[in-house]
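Single-letter residue listing:
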Amino acid sequence: MNLAVSLWRLFQADRLVRWAAYASIVVVWFALAWADVRMLFGLPLIAAAMWWLRRQRERRGWLTEPEVDVDLL
């Protein structure tokens, strides 16, 4: 656990580490896409849909439970 915390702090503090992580993600994505072409388009579409749904939920308050009014008198 201590290793994960120190890596997260390094990721947040050092810009070079952050960009290296982004580049690694892109390389892994292309390697997976090389194996299966559906991942080339599928993963970005799923990520975009999740981002859009999250933004809509924050803006419009989707999935919030309505307030229960128990005062019947």
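To be clear, the structure that these remarks concern was listed above.
Below you will find a few notes about this structure.

Reading guide: rules and limits
- Residues numbered from 1 in each chain as written.
- Predicted model: local features only at pLDDT ≥ 70, side-chain atom pairs only at ≥ 80, totals over all residues.
- Heavy atoms only, no water.
- Helix = DSSP H or I, 4+ residues; strand = E, 2+ residues; numbered from the N terminus.
- Rg over C-alpha atoms; globule rule 2.2 N^0.38 Å.
- Buried < 20%, exposed > 50% of the residue type's maximum accessible area, 1.4 Å probe, protein only.
- Salt bridge = Lys/Arg side-chain N within 4 Å of Asp/Glu carboxyl O.
- Expected span 1.5 Å × (residues − 1).
- Polar contact = N/O pair within 3.5 Å; in protein donor to acceptor, adjacent residues only side chain to side chain.
- Phe/Tyr/Trp six-rings, centres within 6.5 Å; stacked < 30°, edge-to-face > 60°.

So, the overall build of the protein chain
And step 1. Regarding its fold elements, the protein chain presents 3 helices and 0 strands.
And step 2. Helices (α) and strands (β) of the protein chain occur, in sequence order from the N terminus, as α-α-α.
And step 3. By the compact-globule yardstick of 11 Å for 73 residues, the protein chain is too spread out, its C-alpha radius of gyration being 20 Å.
And step 4. In terms of overall dimensions, the protein chain has a C-alpha envelope of 65 × 35 × 20 Å along the principal axes.
And step 5. Taking all 73 residues of the protein chain together, the buried fraction comes to 4%.

Regarding the pattern of salt bridges
And step 1. For the structure shown, the criterion picks out 2 salt bridges.
And step 2. A salt bridge links Arg-38 to Asp-36, with the nearest nitrogen and oxygen atoms 3.3 Å apart.
And step 3. Residue class for Asp-36 comes out partly exposed when judged on its relative accessible area of 24%.
And step 4. Two residues, Glu-58 and Arg-54, come together in a salt bridge whose shortest N-O distance is 3.6 Å. One end of the pair is Glu-58 and the other is Arg-54, both in helix H3 (residues 37-60) and 4 residues apart, which spans about a single turn.
And step 5. On the basis of relative accessibility, which here comes to 53%, the residue Arg-54 falls in the exposed class.

Comments concerning helix H2 (residues 15-35)
And step 1. Across its 21 residues, H2 extends 31 Å between first and last C-alpha, which sits within 8% of the 30 Å expected from 1.5 Å per residue.
And step 2. If you check the start of H2, you find a side-chain oxygen 3.4 Å away from the backbone N of Leu-16, and it comes from Asp-14.

What to know about the packing of aromatic side chains
And step 1. This structure, assessed with the given rule, holds 4 aromatic pairs.
And step 2. Between the aromatic rings of Trp-19 and Tyr-22, the centroid separation amounts to 5.7 Å while the plane-to-plane angle is 90°, which identifies the pairing as edge-to-face. Remark: Tyr-22 and Trp-19 occur in helix H2; sequence separation between them is 3 residues, near one turn of the helix.
And step 3. Among the residues examined, Tyr-22 registers a relative accessible area of 39% and is labelled partly exposed.
And step 4. Aromatic side chains Trp-29 and Phe-30 sit 4.8 Å apart centroid to centroid with 50° between the ring planes, which places their arrangement in the tilted category.

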